[in-house]
Structures are given as structure tokens and as C-alpha cells.
Amino acid sequence: MKLYGAIASPYVTRVLMFARLKGVDLELLDPPGGSRSDEYRAMTPIGKIPSLEADGHIIPESETICEYIEDVHPEPSGLPADAQGRATSRTISRITDLYLAPHVSTIVPHINPANRDADVVEKVGGEIAKGFVYLEHFMGPGPFAVSDQPTLGDCSAGPYLMLMRKLVFDHFDDIADPTQTPGRLADWWQALEGHEVCASTINEYATAVDGFLKYLLKR
């Protein structure tokens, strides 16, 4: 299977972490001609990364790709065995996409203090704090997002937390990193840092984000 994208994307990293936890090898390739090229858009008119090429078909969207990998390679499972646990893992992934990711996109243009709108930063900071309340509320007993093994929810939230460390917490003093104070989210992050596959994948992603950040701050 071929995964089109770059590890500088948290969504690509989500799929890579999920696949690595399951022992599934994916060939990571740049989109043909770039994600905006006619060639790539002929494969997926959505024009975003990642997309997966499998058995002659193109599958878009990181969440769908992870579910496809789970269906094709059910063992070892990337989701908990019980229905409630599976729902919890998927909920953590959805909270990341719906209640954290959009606010990061909104605040990034304000990283440079010279271009910063304090009202926007205050509003977005409040929404981000809510997102973490949702995340903590719906997590399972842990230490990972559900229980004692990383699953889909960890693969979604982990890279995004690292992205927020690089693009949000390091640049906006009034927006707190919830993993830096004792609590459920701190325990969750510690579990990821102590897991070989999760930690190595997130660190690989962090290096890619550092490169993007250098470019962003030069603009």
C-alpha cells in the first residue's frame, strides 16, 4: 500500500503511527506533482493529504484510511476489543478533529507578535481549553486514551498535541499546555512518551514541524 503525503502533516502521522502499531508497512510517497497538481487531483479531487493507494483504489481522509487498514489487517487490532472502548477511541479522534484542529488553524497566522490580534488569540485560547476539557472527560481509565494500549485515538491526538506544543504553547503564554500539570492528560502524554512506536513517530513528526516553523517565521 502506498501512502501519499508528508510526515509534516499530523494527519499523515496519524496513519503512519496507526500502521506501525499494527506492524503494517506503508510506502510513504510525495503526491505526484504535488498535492495541488492536476495529476494528484485526478487521483483525489479533494486534493489533500494523506491518501492511500490500495488494490487499485484511492482512499482519502486519515480516519477512513485507518479504518481501512484495520479492516484489512485486523490483527493486532488498532482499536479496543469491546464496543465501548472502540467508541471511546473514535471519540478521542473526533474531538481532536472537530474541537482542537480548527482552532490551531485559526491561531497560526497570529504566531508573529507583530501580526497578532489579541481578541482572536483570547477567543481561540478559550476554545482550545474547552477542547482539552472534552478530551479529558471522554478518555478511558488509561494510561493511554482508552486503556493500557495505544489505539486510534492516541494516533489522532498525539501528533496534534505535539503540533500544538510547537505552534501554540511555545508562542502564546496565555494558552496552557494541559500535559504540563498533573492530571489525566499529563498521564496520557507520559504514556505516549514511554511507548517506543508512539514516541519515535511523534518525535519524527516534531522534527518535520520544526522545519515548517522555521519557514513560517521567516514569512
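Bear in mind the structure is a predicted one, so any value in this text is a computation, not a measurement.

1. Points about the overall build of the chain
Now for step 1: When helices and strands are tallied, the chain shows eight helices and four strands.
Now for step 2: Along the chain, helices and strands appear, N-terminal first, in the series β-α-β-α-β-β-α-α-α-α-α-α.
Now for step 3: On C-alpha atoms alone, the chain measures out to a radius of gyration of 17 Å, which is about the 17 Å that the 2.2 N^0.38 rule sets for 219 residues.
Now for step 4: Considered along the principal axes of its C-alpha atoms, the chain spans approximately 50 × 45 × 25 Å.
Now for step 5: The proportion of buried residues among the 219 residues of the chain is 49%.
Now for step 6: In the chain, of all internal contacts separated by at least 6 residues, the share reaching a separation of at least 24 is 70%.
Now for step 7: Of the roughly 10900 Å² that the chain leaves accessible, carbon and sulfur atoms contribute 51%.

2. Here we look at the side chain of Glu 63
Now for step 1: On the secondary structure map, Glu 63 appears in helix H3 (residues 62-72).
Now for step 2: Overall, the relative accessible area of 17% leaves Glu 63 in the buried class.
Now for step 3: There is a polar contact of 2.6 Å between the side chain of Glu 63 and the side chain of Ser 93.
Now for step 4: Sequence-distant contacts of Glu 63, that is, excluding residues within four places in its chain, are made with Arg 14, Ser 93, Asp 97, Leu 152 and Ser 156.

3. Remarks on unusual backbone geometry
Now for step 1: Going from Ile 49 to Pro 50, the amide bond is cis rather than trans, its omega being 0 degrees.
Now for step 2: Within the secondary structure layout, Pro 50 lies in the loop between helix H2 (38-43) and strand E3 (51-54).
Now for step 3: The peptide bond linking Gly 142 to Pro 143 adopts the cis configuration, its omega dihedral lying at 15 degrees.
Now for step 4: Within the fold, Pro 143 resides in the loop between helix H5 (118-138) and helix H6 (152-169).
Now for step 5: Positive phi, close to 70 degrees, is recorded for Glu 61, a residue that is not glycine.
Now for step 6: Mapped onto the elements of the fold, Glu 61 is located in the loop between strand E4 (57-60) and H3.
Now for step 7: Taking relative accessible area as the criterion, Glu 61 reaches 41% and is therefore assigned partly exposed.

4. Observations regarding the sheet that holds strand E1 (residues 2-4)
Now for step 1: Taken together, four strands build an open sheet; the order of strands is E2-E1-E3-E4 and the sheet is mixed. Edge positions in the sheet fall to strand E2 (27-29) and E4, since each of these pairs with one other strand and no more. The average undirected angle you get between the axes of adjacent strands in this sheet is 25 degrees.
Now for step 2: Relative to E3, E1 runs antiparallel, the two being bridged by three bridges.

5. Some points on the environment of Ser 89
Now for step 1: Within the fold, Ser 89 resides in helix H4 (residues 83-107).
Now for step 2: Note on Ser 89: relative accessible area 0%, which makes it buried.
Now for step 3: Separated by 63 residues in sequence, Ser 89 and Leu 152 have C-alpha atoms that sit 5.9 Å apart.
Now for step 4: If we skip the residues at most four places from it in the chain, Ser 89 touches Leu 79, Pro 80, Val 146, Thr 151, Leu 152 and Gly 153.
Now for step 5: Polar side-chain contacts of Ser 89 include one of 2.8 Å to the side chain of Thr 151.

6. Quick look at a nonpolar patch on the surface
Now for step 1: A cluster of nonpolar side chains, Leu 98, Tyr 99, Val 133, Tyr 134 and Phe 138, forms an exposed patch at the surface whose accessible area comes to about 460 Å².
Now for step 2: Of all the elements in the fold, those that place two or more residues in the nonpolar patch are H4 and H5.
Now for step 3: Per element, the largest residue contribution to the nonpolar patch is three residues, and it comes from H5.
Now for step 4: Residue classification places Tyr 134 among the partly exposed positions, given a relative accessible area of 32%.

Calculation criteria
- Residues numbered from 1 in each chain as written.
- Predicted model: local features only at pLDDT ≥ 70, side-chain atom pairs only at ≥ 80, totals over all residues.
- Heavy atoms only, no water.
- Helix = DSSP H or I, 4+ residues; strand = E, 2+ residues; numbered from the N terminus.
- Rg over C-alpha atoms; globule rule 2.2 N^0.38 Å.
- Buried < 20%, exposed > 50% of the residue type's maximum accessible area, 1.4 Å probe, protein only.
- Contact = heavy atoms within 4.5 Å.
- Areas by Shrake-Rupley, 256 points an atom, 1.4 Å probe, with all protein chains shown as cover.
- Polar contact = N/O pair within 3.5 Å; in protein donor to acceptor, adjacent residues only side chain to side chain.
- Pairing = 2+ DSSP bridges.
- Axes fitted to C-alpha atoms, helices over the stretch in contact; angles between N-to-C directions.
- Patch = residues over 30% accessible without salt bridge, like charges linked within 9 Å, V, L, I, M, F, W, Y side chains within 5 Å.
- Salt bridge = Lys/Arg side-chain N within 4 Å of Asp/Glu carboxyl O.

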